[in-house]
Amino acid sequence: MKNNKLIILLVLGLASIWSCNKHDFDFQDTALKTAPAVISPEAGTSFTVTTANIGDNQAVEWSAADFGFSGVITYTIQVDKAGANFSAPQNLGTTIETSMTVDVLAINNAALALGCTRGDTGALEMRVCATTSGVDAAYSTTIPFDFTTFVVYPVITGPTVDTTYMTTFANVSSDNVTIDWTAADYGNNETFSYNVQIALTGTDFTDIITTTSVSGLTYSEVFMSINDKLIALGYTHEELVALEARVIASADGVEPATSNVSTFKFEVFDPLISYLYAPGDYQGWDPGSAPSLISPVSNGVYEGYIYFTSTGGMKFTTSPDWTNPDYGETGPGTIGLGMGGNITIPGMGYYYVVVNTNDGTWTATPTTWGIIGSAVPPYDWSEDLDMTYDPETNSWSVVANLVAGEMKFRANDRWNLDFGDDEPDGNAEYGGANIPITEDGEYLITLYLTPNQEGFYYYTVGPATSYLYVPGDHQGWDPATAPVLASPESDGVYEGYVNFPGGGGFKLTVTPDWTNDDYGETGTGMIGLGMGGNITAPADAGYYRVGADTNALTWSATKTEWGLIGDAVPPYDWSVDQDLTYDATTDTWSITIALNAGEYKFRANDGWDIDFGDNGADGSLEYGGSNISLATAGTYTITLDLSGGLGSYTYTIE
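Here the structure is a predicted model, which means the values were calculated and not measured. (Residues numbered from 1 in each chain as written. Predicted model: local features only at pLDDT ≥ 70, side-chain atom pairs only at ≥ 80, totals over all residues. Heavy atoms only, no water.)

1. Looking at the overall build of the protein
Okay, so step 1: Of regular secondary structure, the protein possesses two helices and 58 strands.
Okay, so step 2: C-alpha extents for the protein along the principal axes are approximately 85 × 80 × 45 Å.
Okay, so step 3: Counting every position in the protein, which comprises 654 residues, the buried fraction comes to 47%.
Okay, so step 4: At a minimum sequence separation of 6, the contacts of the protein that also span at least 24 residues come to 65%.
Okay, so step 5: Roughly 28500 Å² of accessible area belongs to the protein as shown, and the carbon and sulfur atoms make up 49% of that amount. (Helix = DSSP H or I, 4+ residues; strand = E, 2+ residues; numbered from the N terminus. Buried < 20%, exposed > 50% of the residue type's maximum accessible area, 1.4 Å probe, protein only. Contact = heavy atoms within 4.5 Å. Areas by Shrake-Rupley, 256 points an atom, 1.4 Å probe, with all protein chains shown as cover.)

Below, the structure written as structure tokens:
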């Protein structure tokens, strides 16, 4: 048999497995004109994996498919055991081109996943699957080949190709570059250690900036560490540096096994800005996680905002560690470098802190924040609308009904400390210009008092509620008519209710169309933006409470059936639910029933885990809300509408 090398740019291959089922929405019915045909490798090719060729690769090439109409065609290379009819194939990569490179390592791991015995030769088959919107997949003829497996080499799964790490004042001391990989396996229960190497791209790992050994399958290095190494090499602020990583697995008595190479970019952070850090009793005396003060032009005057959760003492350090002298208290409101005791925390609360290292003084002013303006209730610049502090993000926010006009942020209902925006560009400047609001509406306004990369505090003004749309097999893959999940605080946590007929798939889109990236399934209960296949719908038909967290990249579904309970509801003693009936046409639950004067609530599954009441007696429902009062006995039709997403659940009684 003719010996060839094989395929795959593993980054494109195993990390982005696409389904070769019908795509996400119907387009048109048409007859396939030409299926793809594999050009190379030739049938009967034989591959043997050894230490000498584990990193080799070869192009797989095929002719284009023709579905009878113009459209984007996606091709997926698949392998399976000979005679298995591709019942559970391994996908080696996806592309819109008619060729792809695949490395031998990817084929080796796929063969092992198909049950081939390590070190033995197995008969496999390869084919190309072509898909496009609205029609069934087309498959090439199968190409048989023999494959002799070797060991499982470590495979870097993250960072994915061309990940870019943007360093900022806010994250350079806290965020990490994390390298993840799969375990090596020589088949003899060896215990491996892994050497992680990070180097400048294109140097064949001769210019290594990090080399370290770990026993696990992950390694994290704080941005600051990599940043300092790149600055020492002469790179400057905002310069984007191409880096690459690999992992070398070692065990006693066997040859080292080197992983694939993962490339990524790192933006250097080295501005004119300088910082002081404020570790203390209130946060565990850890400079690395302490709030920081900023000097935008490194003139010795620093300022920032600190949330003191307790009293006690603190220090000001010149680095996010204890390696350099710190500033201590030398008297009331005075400090000295390398001298004095702990600085006295002024009290619990949110403080505006200013430190002048030129004259050795410091001040702390307690603050609370609000918005004011012609756009802000009462719409006449006379009163502040108070904001709420979030210690997790060091930000202040408020949901408000704004009108077209102007607004500003200010502290303590006074004008001696306020923010506007001179551009406007979302950066907040002390005493800056009024911020325009162009349209009436309900908005979520957030002020972030941790400086961004340019050293500015910043703010956002956006819709109070954001949505995800749930197109899928359950409704014809049309985002415009799909059920919605809502996030009333636009905080990335969404919820809504979806009627699934059982099985099939769906996606989560950020707009009611296909113009933007959607969330696909990256694992059980896991989602990713612009990645993954169709999300698997629950197999059991029913009406589901669906949640999605775009911060944690998770989703969940809980089946529900709804009823009424209360002393207004038969048997009039809060002991038994009266079932509501679901109407798929109106997407509502309803019941016509004889009620007594009294109270009632809605609840799911005859239990109190999920229930609704009405806190304002206004027809809007809240989880665990107040009992709903009924003044007059009679026969009523009660309708529960959960179609609007979290924050928009309603009911009617007629």
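2. Regarding the sheet that holds strand β58 (residues 650–653)
Okay, so step 1: The strand order across the open sheet built from four strands is β51-β52-β57-β58, with neighbouring strands paired in antiparallel fashion. The outermost strands of the open sheet, each flanked by one partner alone, are β51 (581–583) and β58. Sheet twist, expressed as the average angle between the axes of neighbouring strands with direction ignored, equals 25°. (Pairing = 2+ DSSP bridges. Axes fitted to C-alpha atoms, helices over the stretch in contact; angles between N-to-C directions.)

3. With respect to helix α2 (residues 223–232)
Okay, so step 1: Taken together, the buried positions of α2 are occupied by Phe223, Met224, Ile226, Asn227 and Leu230. Taken around the axis of α2, the buried residues stretch over an arc of 165°, which confines them to a single face.
Okay, so step 2: The positive-phi residue at the C-terminal boundary of α2 is Gly234, with phi of around 105°. (Arc of directions from axis to C-beta.)

4. Some thoughts on the environment of Trp62
Okay, so step 1: Tracing the backbone through its elements, the reader meets Trp62 in strand β3 (residues 57–62).
Okay, so step 2: Residue Trp62 is classed as buried on the basis of its relative accessible area of 2%.
Okay, so step 3: For the pair Trp62 and Thr554, spaced 492 residues apart in sequence, the C-alpha to C-alpha distance is 37 Å.
Okay, so step 4: The contacts of Trp62, once residues within four sequence positions are left out, are Pro36, Ala37, Val38, Ile39, Tyr75, Ile77, Thr95, Glu97, Thr98, Ser99, Met100 and Val128.

5. Considering the pairing of strand β49 (residues 562–566)
Okay, so step 1: Counting buried residues in β49 gives five out of five residues, a clear majority hidden from the surface.
Okay, so step 2: Residue alternation in β49 divides its side chains into two sets, Trp562, Leu564 and Gly566 and Gly563 and Ile565, and both sets are buried.
Okay, so step 3: Bridge count for β49 against strand β53 (residues 598–604) is five bridges, and the pairing is antiparallel. Bridge assignment links Trp562 to a residue of β53, and that residue is Ala604.
Okay, so step 4: Examined bridge by bridge, β49 and strand β50 (residues 578–579) share two bridges and lie antiparallel to one another. Paired with Gly563 across the two strands is Asp579, which belongs to β50.

6. Let's talk about the nonpolar core
Okay, so step 1: Counting residues in hydrophobic clusters, the biggest one holds 65 residues, and the most contacted among them are Leu243, Trp369, Ile371, Phe409 and Ile445.
Okay, so step 2: With sequence-adjacent residues up to four places away left out, Ile371 is seen in contact with Val376, Glu383, Asp384, Leu385, Met387, Val398, Ala400, Leu402, Met407, Lys408, Phe409 and Ile445.
Okay, so step 3: In terms of nonpolar packing, the next biggest core, distinct from the first, is built from 29 residues, Ile73, Ile77, Val79 and Ile107 among them. (Core = buried A, V, L, I, M, F, W, Y, C linked by side-chain atoms within 4.5 Å.)

7. A word on the side chain of Asp418
Okay, so step 1: Relative to the elements of secondary structure, Asp418 occurs in strand β34 (residues 418–420).
Okay, so step 2: At 2.8 Å, the side chain of Asp418 and the side chain of Lys408 are in polar contact. (Polar contact = N/O pair within 3.5 Å; in protein donor to acceptor, adjacent residues only side chain to side chain.)

8. With respect to the sheet that holds strand β12 (residues 176–181)
Okay, so step 1: Here three strands make up an open sheet; going across it, the order is β10-β12-β15 and the pairing antiparallel. At either end of the open sheet lies a strand with only one pairing partner, and these are β10 (156–158) and β15 (218–222). Going across the sheet, the axis of each strand differs from the next one's by a mean of 25°, ignoring polarity.
Okay, so step 2: The pairing of β12 with β15 spans five bridges and is classified as antiparallel. Pairing of Asp180 across the sheet is with Thr218, part of β15.
Okay, so step 3: Of the strands in this sheet, β12 and β15 are in contact with α2, which crosses β15 at around 65°.

9. What about unusual backbone geometry?
Okay, so step 1: Geometrically, the link from Gly158 to Pro159 is a cis peptide bond, its omega value of 5° lying close to zero.
Okay, so step 2: Note that Pro159 resides in the loop between β10 and β11 (163–165).
Okay, so step 3: The step from Pro570 to Pro571 runs through a cis peptide bond, and the omega angle for that step is 0°.
Okay, so step 4: For Asn412, which is not a glycine, the phi torsion comes out positive at approximately 60°.

10. Here's the deal with the pairing of strand β16 (residues 240–250)
A regular strand places its side chains so that they alternate between the two faces of the sheet.
Okay, so step 1: The buried fraction of β16 amounts to eight of the eleven residues, a majority that puts the element mostly inside the structure.
Okay, so step 2: Two strands pair when backbone bridges link them, and strand β13 (residues 193–200) and β16 are joined in this way by eight bridges, in the antiparallel orientation. Looking at β16, one finds that Ala199 is bridged to Glu244.
Okay, so step 3: Note that β16 and strand β18 (residues 262–267) share six bridges and pair antiparallel. Residue pairing for β18: Ala242 is matched across the bridge by Lys265.
Okay, so step 4: Direction of pairing for β16 relative to strand β17 (residues 257–258): antiparallel, over a ladder of two bridges. Its bridge partner being in β17, Ile248 is matched across the sheet by Thr258.
Okay, so step 5: Taken together, β16 and the strand that follows it, β17, pair antiparallel across an intervening segment of six residues, in which Gly253 is found at a positive phi of about 80°.

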